[in-house]
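Chains, contacts and geometry: an overview
Residue strings, one per chain:
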Amino acid sequence: MDLEFHQLDLRYEELRGRSPARERRLLSSLAEVGQQAPIVVVSPVSSGRHVVIDGYKRVRLLRRLGQDTVRATAWDLGEAEALLLVIEHRR
């Protein structure tokens with residue numbers, strides 16, 4: 001699905017580390033070939049916005065490139081379960 005940026009809840013963005021070198025490489029790739037992997041979101045019960053679980057760099061850089069939307073996949077899990085799954089996958 002494609003989501004507009006105002007539909008995203010970025011509540012966990014500050015918990016993610018940043019690497020300027022990795023962001024430069026990703027920015028270059030996004031500019032050249034576009035978004036290849038969707039971000040991961042879960043649908044919240046009350047706020048109406050999709051909580052981003054994985055893909056904060058893609059969101060930030062696509063916005064910088066002037067895009068209006070980001071491709072996303074929604075997991076049918078609660079926030080805590082989805083976050084734990086992403087953490088386990090990164091190990």
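You'll find the structure just up there.
Residues numbered from 1 in each chain as written. Predicted model: local features only at pLDDT ≥ 70, side-chain atom pairs only at ≥ 80, totals over all residues. Heavy atoms only, no water.

The tally for this structure, following the rule as stated, stands at six salt bridges. Glu79 is the salt-bridge partner of Arg11, the closest N and O atoms lying 3.1 Å from each other. Taken as a pair, Arg11 in the loop between β2 (8-9) and α1 (20-33) and Glu79 in helix α3 (residues 79-90) lie far apart in primary sequence, 68 residues in all. For Arg11, a relative accessible area of 42% corresponds to the partly exposed category. On the accessibility criterion, Glu79 (24% relative accessible area) is partly exposed. The closest approach of N and O atoms between Asp54 and Arg58, which form a salt bridge, is 3.5 Å. With respect to class, Asp54 is no different from Arg58; both count as buried. Here the salt bridges do not stand alone but share partners, grouping Glu13, Arg18, Glu23 and Arg60 into one network. (Salt bridge = Lys/Arg side-chain N within 4 Å of Asp/Glu carboxyl O. Helix = DSSP H or I, 4+ residues; strand = E, 2+ residues; numbered from the N terminus. Buried < 20%, exposed > 50% of the residue type's maximum accessible area, 1.4 Å probe, protein only.)

Okay, the packing of α1 against helix α2 (residues 56-64) next. Viewed as axis vectors pointing N to C, α1 and α2 meet at an angle of 55°, and their least axial separation amounts to 10 Å. On the basis of the axis angle, α1 is oblique to α2. Relative to α2, the crossing made by α1 is right-handed. Taken together, the residues of α2 that come into contact with α1 (itself represented by Glu23, Leu26, Leu27 and Leu30) are Lys57, Arg58, Arg60, Leu61, Leu62 and Arg64. For the contact of α1 with α2, the class distribution of residues is five nonpolar, no polar and five charged. (Axes fitted to C-alpha atoms, helices over the stretch in contact; angles between N-to-C directions. Parallel < 35°, antiparallel > 145°, perpendicular 65-115°, else oblique. Left-handed = near helix turned anticlockwise from the far one by under 90°. Contact = heavy atoms within 4.5 Å. Nonpolar A, V, L, I, M, F, W, Y, C, P; charged D, E, K, R; others polar.)

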